[in-house]
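Geometric and topological summary
Listed here are the chains, written in short residue letters.
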Amino acid sequence: MAALDTGLEYAARVQRDREQGQVNLFDLMPDLPEQAAELQLPEVPKLSAKQQLEFEKEALGLYISGHPLSEFNWVLEDLEVQRTVDLADAPDGQPLLLAGMISTIKRITSRKGDPMAFVNLEDLTGNCEVVVFPEVCRRYNKALDPRVPLLVKGRVNNNGEEAKVLAEEIMPLDNIDCQLWLRFNDGDAEALKQLEGILTRHPGNTPVYLFNPDNKKISQLENGLRVNLNTELKTALTRLLTIDNIKIRFNLPGKAPVLPPGICTKQMRRLRLPR
């Protein structure tokens, strides 16, 4: 895209020269390498994965190199998010969590003059219609952004025709309030250094808490590391700690409280890293 104007200008100049019967110097020197006469393109920064996906969707109408939901796989698994492909078998009225990208949105006005919306939500398995009634639309109107992966809390409307979801809450996946809890004996200095190395390689917004099962104490690393909950981090932590010692805790309606039962924030301490 950065070279579009330059390329169009170059093509127009070549066409203009041909029409006027002008010959380019390089046309008289066929033995020169072709690249001598090539158009010089500007150097541009490499696109981030997110930017590339946005451009693919805008230009082609679909994602080619990946999907925006892929980076949230770990979070979606722990939330037990419903797949759109399975909605047809879900009973009418069943509460659920759904995640996806808005592919289309139709905004209308209800009979009472209130705004509402019909959203087509796309996940990794398919798509479905999400009905956003006026009250929900007023509360979460700003969240209805096609560029942002969304989490939808609602209920199934399955009356024998195509299953839909009636939205109750809508939030960007990036804004989910959660914490990463690790069951870890912080007396092992070598393991603690390995853990710090793993966490440091995946910076993000999610706070990390260490729970020592021996003394029931909660710790945070002294530098207050926050992480990105991606699949690579999950794999590395699983190798070090095993999956049973890793837990994401969500502060969402209907979900378990953020702190484990019997633990209060007064027990929190900062854990000094070995040098």
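Let us look at the structure shown here. Since the model is a prediction, treat every value here as computed from it, not as a measurement. (Residues numbered from 1 in each chain as written. Predicted model: local features only at pLDDT ≥ 70, side-chain atom pairs only at ≥ 80, totals over all residues. Heavy atoms only, no water.)

1. Looking at helix H6 (residues 231-241)
Rule in force here: Each residue is assigned to one of three classes by its accessible area relative to the maximum for its type, calculated with a 1.4 Å probe on protein chains only: buried under 20%, partly exposed between the two thresholds, exposed over 50%. Under the scheme used here, helices are H or I runs from DSSP no shorter than 4 residues and strands are E runs no shorter than 2 residues, and both carry numbers assigned from the N terminus. The arc in question is the one traced by the directions running from the helix axis out to the C-beta atoms. By the criterion applied in these results, polar contacts are pairs of N or O atoms within 3.5 Å in which, for protein atoms, one can donate a hydrogen and the other can accept it, and in which residues neighboring in sequence qualify only through two side-chain atoms.
Within H6 the residues assigned to the buried category are Leu233, Lys234, Ala236, Leu237 and Leu241. Summarising the axial view, the buried residues of H6 lie within an arc of 170 degrees, below the 170-degree limit, and thus occupy one face. In H6, the exposed residues that point more than 90 degrees away from the buried face are Glu232 and Arg239. The opening residue of H6 is Asn230, an N-cap whose side-chain oxygen sits 3.2 Å from the backbone nitrogen of Glu232. Within two residues after H6, Thr242 carries a phi angle of roughly 75 degrees, on the positive side.

2. Some thoughts on the sheet that holds strand S4 (residues 150-157)
How we decide: Strand pairing is assigned whenever DSSP detects at least two bridges linking the two strands. To get an axis, a line is fitted to the C-alpha atoms, and for a helix only the part in contact is used. The angle between two axes follows their N-to-C directions and goes from 0 to 180 degrees.
Strand order around the closed barrel formed by five strands is S1-S2-S3-S5-S4, with mixed pairing between neighbours. Going from strand to strand, the sheet's axes swing by 50 degrees on average, the running direction of each strand aside.

3. Concerning the pairing of strand S5 (residues 164-172)
Inspection of the sheet shows strand S3 (residues 127-132) paired to S5 by three bridges, in the parallel sense. Bridge pairing in S5 places Glu129 opposite Lys164. Once S4 ends, the chain turns through six residues before running back antiparallel as S5, passing Gly160 with a positive phi of about 100 degrees.

4. Comments concerning the environment of Phe211
Among the structural elements, Phe211 can be located in strand S7 (residues 203-212). Taking relative accessible area as the criterion, Phe211 reaches 16% and is therefore assigned buried. In the structure, Phe211 is positioned 28 residues away from Arg183 in sequence and 4.8 Å away in space, judged by C-alpha atoms.

5. Notes on the nonpolar core
Looking at soluble globular proteins, one finds that nonpolar side chains tend to be buried together. Formally: Only buried residues count toward a nonpolar core. Its members are Ala, Val, Leu, Ile, Met, Phe, Trp, Tyr and Cys residues joined through side-chain atoms within 4.5 Å. In this analysis, two residues are considered to be in contact whenever any of their non-hydrogen atoms come within 4.5 Å of each other.
Ranked by internal contacts, the top residues of the largest apolar core, which has 35 residues, are Leu180 and Leu237. For this core, the elements supplying multiple residues, two or more each, are helix H3 (73-79), strand S1 (95-109), strand S6 (178-183), helix H5 (189-200), S7, H6 and strand S10 (246-250). Ranked by residue count, the leading element in this core is H5, at five residues. Leaving out residues up to four positions away in the same chain, Leu237 has contacts with Trp74, Leu180, Leu182, Leu195, Ile198, Leu199, Thr242 and Ile246. Within the second largest apolar cluster, 23 residues are counted, among which are Val130, Val136, Tyr140 and Val152.

Remember that the coordinates give geometry; whether it matters functionally is a separate question.
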